Every structure is written in C-alpha cells, then in structure tokens.
Amino acid sequence: MQWQMALLTDLPAWKAAGHPSSPLMMGYLAAAQLLPTLLLGIMGGLVADRVNRKRMLLVTQTVMMLIAAGLTTASALGFITPIFLLFIAMLNGVTMAFNVPAWQVLTPRLVPRTELAKAITLNGIQFNLARIVGPGLGGLIMALNNSPSLLFSINTLSFLAVIFAVLGTPPSPPPAHDGSRSLTQVREAASFVFHQRGPFRVFIALVIFSILAAPLVRLLPIFIKEVYHAEERAFGFLLAIMGVGAVLGGLSLKALPPWYPKHHFIPLAMTLSGVAVTGFSFATSILWAAVAIFFAGAFWLWSFNSSMSAMQLLVDDRMRGRVMAVCNTAVFGASPLGSILAGYIGHVVAARTEVSAASAAAADLAVNGIAASAILDSLPTSFNETGLGAQFGVGSLSLLLTCCGLIMLIWRTPEIDGLKPGDPGFDRKPGLLRGLFASAHRPSHAP
C-alpha cells in the first residue's frame, strides 16, 4: 500500500488539484493504519485477557484476510485511489488493535518463562524472514506481471497459512477472572506501567523509538522515487536488505553475554539505531542506503525486541494482555506522529528550497533581461523530485533518537531488569562508559 500511495500521489492530476504532497500522504497512511490502536488498543487487551486467545487470533486473522481480499478486488477493478487506501488501512488498523494483544499473550503461554526472551526474538526473526522473502517474490512477480493485483491476491491467500498454523496450537483459555470491572482492570494495568520505575522506563523507550524510527519505513518509497530515482523493485530490495539485517541481528544476540542487562542494552540499541537511520537518511546512492538500512534493521530488532521482552518479563500473566495493550496503544498510536512530523518537516524544507530556487532563477534572469515568468513556469511544481525534504524529515528525527539513546545509556534504570536497591549490580552512577561496558554486572564484580 505504501508504494501504491507514493505512485498515486505523485501523479500530475493529484498535484494539480492541490492535494497534500506525497510525504504528507504517506504520513496520513501511517496514521490510518496505526491510530485505531490508539483508540481501541486498550479494549483489545481487555478482550485478550478475557477470551480464549487462540479463538481470538482465528477471528482477527480471518477478518484481515477479508480486508486483503477487498483490496485485491478493488485493484483488479481499477478502483484504488489514495482515499480508498486510507480507508483500507484504517480497517486493517482496527483489526490489528485486537490481533496484536492476542499474539502477545499467546506466546508466553506456549514457552517457559526462562525462554521467553528467546521466543520473542525468534518471533521477530520469523517476521523479518517474511520481509526478506516477500519483497524478493514481489519484485519477481512484478517483473513478470506489472500489476499489483496478483501481489494482493497472494497476500490474501497467505492468511490461510497463518490460520492453519494457529489451528495447530494448544488451547489458550483466559486467566481466571476476579470479577473486577473493565475500568478497574485498565487502571490496574495503567498503574503498573506508569507508577513503577522499570515498566515506565521501558514504556518511554518504546514510545521514543516508535516516534523517531518509524518514519524510515513509512517514507521509504519517497527515498526510492525522489532520492535514488529507482524503480519499484528497489523498494522491495531495500526492505529485503533491512529484513536480512534484522534476521542476522536477531541471530547475533546469541553472542551477547548473558550477564549484559537489558537496562544497558535497550538504550545502546536505540543509539545505534539512530546512527544507522541517520546514515541512511543522508545516503545519496542506493548502495550506501543498502548498507545503512542493513544495520538499521539489525539494531531495530535489538531495540524493539529487547524492550518488549523486558516488559513481558516484568508483568504477571493475569494482566499481560492489558499491560501489553497499553504499550501497543502508545507504540502503534505514536508511530504515525513521527511519520507525520517527518513528512511535515520534509514538506517545509522542500517548499522553502523551491522558493529559494525560484527566487535565484528569477534574479538571474532579471539581470540578463529575460522575463522571469518563463523560467518560473518551467520549474517543477514540487520539490519532491530531489528528495531533500524526506532526507531532512527522517534524518532530523533519527538524530534526536541517537541523543535520547545516549541519555538513557548514561542515566540508566536498573529496575528494567527487576533489580532493587541493594541487589547485586544495582548501579545508578551516571557514565557513558559504565553504561556501554556494564562493568558493575560482569561476573567478576559479583559478590
């Protein structure tokens, strides 16, 4: 849908009608996909804590398959417009508000607590393997059949595999209900997240990362078209490279010392993610962009998976659905804010640069006695062709992400790992090197 939105909003008829620019429309698409979680995420968590999780997944996956079928039909009939894409994205977002909590509460019930972090990482690796295979197959199919309808059809059928996989899992009944009201349960979950230092800092890390890193993927089609001037297959290529980075990043976690704590690793991963996304933002060739997005994928998985596993380990199963729903509401609800902000920054930078270019051209022509109107009419109506706006939009937020990661690495929160004052390794002393090397947690420092 992202690539289709980028193509449709770059058409001359769309621009001539005075509609929002392509970067802004990409931000609106992200909002349509993710803002429903902001409104319905808590409700999804409540449902996940009260119903059979397996049955809930079967329902949400079936609904998502029907939405995909609707998109396929519209594509085949030629009815796809930017407004229609926003509508489909909103429907999918509503379903995801219930689908994500169901996945999150099901996984801990299928694996021992000691293996939970590895299971969540494996989940992330599995997702990114699909990101590798999917764009590769998509590019091949588009090369053989230059129509998105076939791709949408395959996506629709792919839900059948997920449904059959869920059917093969053991039953997952809800925890015993204590009879408290929904509002009371929501308050209990919110109190756990916002009034306890460890969960609250994990929550903050998730929100910051979601806002400041998400624009990379959301505005990627703009980079492909306006910075690298590449074809659609390059979009799939870069997504696949990012997926390879994420998979290898997940596998590399095996080399992480078991004593290295999450309250050090989470901000380190955020910092490295910010550096990688900044490098991508200002790459001017697709080769350097591929290198940067590879590392962005690896550090992305490090940051997101370590934060999610930390929260899962801190919360009790009886309110896991509600607590994770609070996190999902913030993470997926805040993500469009970053995309819209990056799109707005890009829009402003592009507009100002266009005006400056037009003024310089007019002045030069005036000196040479040529009518300025002739050259002004020949200038592009949008500065998106250079992609400078998208680069500044994504790059400015990624620099801020780097700074936030460094701050959290210097001033750490041991409670993220469940540590309390007096526990071995409990260390609040600020310091970048102390945060990087976690010297207080090395086995040699254990009493």
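Given the structure is predicted, the values throughout are model-derived calculations rather than measurements.

A. View of the overall build of the chain. Within the chain one finds 18 helices and zero strands. Within the span of the chain, comprising 447 residues, buried residues form 51% of the whole. In the form shown here, the chain has an accessible surface area of approximately 20,300 Å², with 70% of it arising from carbon and sulfur atoms.

B. Main features of unusual backbone geometry. Phi is positive for His229, which is not a glycine, with a value near 50°. With respect to the helices, strands and loops of the structure, His229 is situated in the loop between helix 11 (220-227) and helix 12 (232-252).

C. Summary view of the packing of helix 9 (residues 197-213) against helix 17 (residues 388-410). The N-to-C vectors of helix 9 and helix 17 enclose an angle of 160°; their axes lie 9 Å apart at closest approach. The orientation of helix 9 with respect to helix 17, classified from their angle, is roughly antiparallel. You can see that helix 9 and helix 17 cross each other, and the crossing is left-handed. Only Leu397, Ser398, Leu400, Leu401, Cys404 and Met408 of helix 17 make contact with helix 9, whose side of the interface consists of Arg201, Ala205, Ile208, Phe209, Ile211, Leu212 and Ala213. The class makeup of the residues in the contact of helix 9 with helix 17 is eleven nonpolar, one polar and one charged.

D. Representation of the packing of aromatic side chains in the model. What the rule picks out here adds up to twelve aromatic pairs. On the numbers, 5.4 Å between centres and 85° between planes, the contact of Phe209 with Trp300 is edge-to-face. Within this pair, whereas Phe209 is found in helix 9, its partner Trp300 is found in helix 14 (residues 286-314), the two being separated by 91 residues in sequence. Overall, Phe209 belongs to the buried group, its relative accessible area being 4%. When the ring of Trp259 is compared with that of Tyr260, the centres are 6.0 Å apart and the planes differ by 55°; the resulting orientation is tilted. According to the relative accessible area criterion, Trp259 is partly exposed, its value standing at 23%. For Tyr260, a relative accessible area of 11% puts it in the buried group. Three or more aromatic residues joined by ring pairs form one cluster here, namely Trp259, Tyr260, Phe265, Phe294, Phe295, Phe299 and Trp302.

E. Layout of the confidence of the model for the chain. Across the chain, the average pLDDT comes to 81, with 84% of residues at or above 70. In this model residues 369-386 is a low-confidence stretch, pLDDT under 50, and it forms 27 contacts with partners more than four residues away in sequence or in other chains.

F. Highlighting helix 8 (residues 182-195). Taking 1.5 Å per residue as the helical rise, helix 8 with its 14 residues ought to reach 20 Å, and the 19 Å between its terminal C-alpha atoms agrees with that figure. Those residues of helix 8 not exposed but buried are Gln185, Ala189, Phe192 and Val193. Buried positions in helix 8, seen along its axis, are confined to an arc of 95° and lie on one side of it. Away from the buried face of helix 8 by more than 90 degrees, exposed residues Leu183, Arg187 and His195 are located.

G. Seen up close, the pattern of salt bridges. Summed over the entire model, instances satisfying the criterion amount to eight salt bridges. Across the pair Arg53 and Asp49 runs a salt bridge, and its minimum N-O distance is 3.6 Å. Overall, Asp49 belongs to the buried group, its relative accessible area being 6%. Among the ionic pairs, Arg434 bridges to Asp427, the shortest N-O distance being 2.9 Å. A relative accessible area of 11% places Asp427 in the buried class.

H. Examining the environment of Met64 more closely. Looking at the element boundaries, Met64 is found in helix 4 (residues 53-77). We classify Met64 as buried; its relative accessible area is 7%. Taking the C-alpha atoms as reference, Met64 lies 9.5 Å from Gly93; in sequence the two are 29 residues apart. Residues in contact with Met64, not counting those within four places in the same chain, are Asn92, Thr95, Met96, Asn99 and Phe159.

I. Summary view of the side chain of Glu226. Considering the arrangement of structural elements, one finds Glu226 in helix 11. A distance of 3.2 Å separates a polar atom in the side chain of Glu226 from a polar atom in the side chain of Lys225.

J. Spatial organisation of a nonpolar patch on the surface. Together, Phe87, Met90, Leu91 and Val94 make up an exposed nonpolar region whose accessible area comes to about 310 Å². Along the chain, Leu91 falls in helix 5 (residues 82-110).

K. Quick peek at the environment of Leu212. Note on placement: Leu212 falls in helix 9. Relative accessible area serves as the criterion here: at 8%, Leu212 is assigned to the buried category. Considering only alpha carbons, one finds Leu212 and Leu337, 125 residues apart in sequence, at a separation of 9.0 Å. Among all residues touching Leu212, those that are not within four sequence positions of it are Leu397, Ser398, Leu400, Leu401 and Cys404.

L. Region of the structure containing the packing of helix 9 against helix 14. Two elements in contact, helix 9 and helix 14, have axes whose closest approach is 10 Å; the angle formed by their N-to-C orientations is 150°. Between helix 9 and helix 14, the crossing angle belongs to the class labelled roughly antiparallel. Crossing hand, helix 9 versus helix 14: left-handed. Residue-level inspection shows Gly198, Pro199, Val202, Phe203, Ala205, Leu206, Phe209 and Ala213 of helix 9 in contact with helix 14, the latter providing Trp300, Ser303, Phe304, Ser307, Met308, Ala310, Met311 and Leu314. Of the residues assigned to the contact of helix 9 with helix 14, the class counts are 13 nonpolar, three polar and no charged.

Criteria and thresholds
Residues numbered from 1 in each chain as written. Predicted model: local features only at pLDDT ≥ 70, side-chain atom pairs only at ≥ 80, totals over all residues. Heavy atoms only, no water. Helix = DSSP H or I, 4+ residues; strand = E, 2+ residues; numbered from the N terminus. Buried < 20%, exposed > 50% of the residue type's maximum accessible area, 1.4 Å probe, protein only. Areas by Shrake-Rupley, 256 points an atom, 1.4 Å probe, with all protein chains shown as cover. Axes fitted to C-alpha atoms, helices over the stretch in contact; angles between N-to-C directions. Parallel < 35°, antiparallel > 145°, perpendicular 65-115°, else oblique. Left-handed = near helix turned anticlockwise from the far one by under 90°. Contact = heavy atoms within 4.5 Å. Nonpolar A, V, L, I, M, F, W, Y, C, P; charged D, E, K, R; others polar. Phe/Tyr/Trp six-rings, centres within 6.5 Å; stacked < 30°, edge-to-face > 60°. pLDDT = per-residue confidence, 0-100. Expected span 1.5 Å × (residues − 1). Arc of directions from axis to C-beta. Salt bridge = Lys/Arg side-chain N within 4 Å of Asp/Glu carboxyl O. Polar contact = N/O pair within 3.5 Å; in protein donor to acceptor, adjacent residues only side chain to side chain. Patch = residues over 30% accessible without salt bridge, like charges linked within 9 Å, V, L, I, M, F, W, Y side chains within 5 Å.

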